[in-house]
Amino acid sequence: MKDKKYVWLASIPEIAGVGISIISDTKKNAEKMLKKAYYDIKRDCWYGQEYNTYKGAFEYFGGSISKIYFNEIYDNQLR
């Protein structure tokens, strides 16, 4: 049996009212892109909140980085 194909999904739901989602071929790249997107939003939106850091926002909003396999069933947050 061949290895199942997958992508990496990195997300921070509901941040800035809409959330951020990144789909990438590697976990490292997914997290790197998610951090960049977070800091772009932070620069434009807020200062001084408890989610003033990437780690704080990731925990506060329930962020996740998951391996998503093709042809599988997931819930609405792809977890």
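Residues numbered from 1 in each chain as written. Predicted model: local features only at pLDDT ≥ 70, side-chain atom pairs only at ≥ 80, totals over all residues. Heavy atoms only, no water.

Another aspect to go through is unusual backbone geometry. For Glu14, which is not a glycine, the phi torsion comes out positive at approximately 65 degrees. Locating Glu14 in the fold gives a position in the loop between strand E1 (6-12) and strand E2 (20-24). According to the relative accessible area criterion, Glu14 is exposed, its value standing at 55%. For Asn71, which is not glycine, the phi torsion reads 60 degrees and is therefore positive. As for its position among the elements, Asn71 is in the segment after strand E3 (64-69). For Asn71, a relative accessible area of 80% corresponds to the exposed category. (Helix = DSSP H or I, 4+ residues; strand = E, 2+ residues; numbered from the N terminus. Buried < 20%, exposed > 50% of the residue type's maximum accessible area, 1.4 Å probe, protein only.)

Moving on to the nonpolar core. Membership of the largest hydrophobic core comes to 14 residues, with the highest contact counts inside it found for Ile12, Ile15, Ile20, Leu34 and Tyr38. At the level of elements, E1, E2, helix H1 (27-45) and helix H2 (54-60) are the ones that each hand at least two residues to this core. Per-element tally for this core: the top contributor is H1, with five residues. Residues in contact with Ile12, not counting those within four places in the same chain, are Gly19, Ile20, Leu34, Tyr54, Ala57, Phe58, Phe61 and Gly63. (Core = buried A, V, L, I, M, F, W, Y, C linked by side-chain atoms within 4.5 Å. Contact = heavy atoms within 4.5 Å.)

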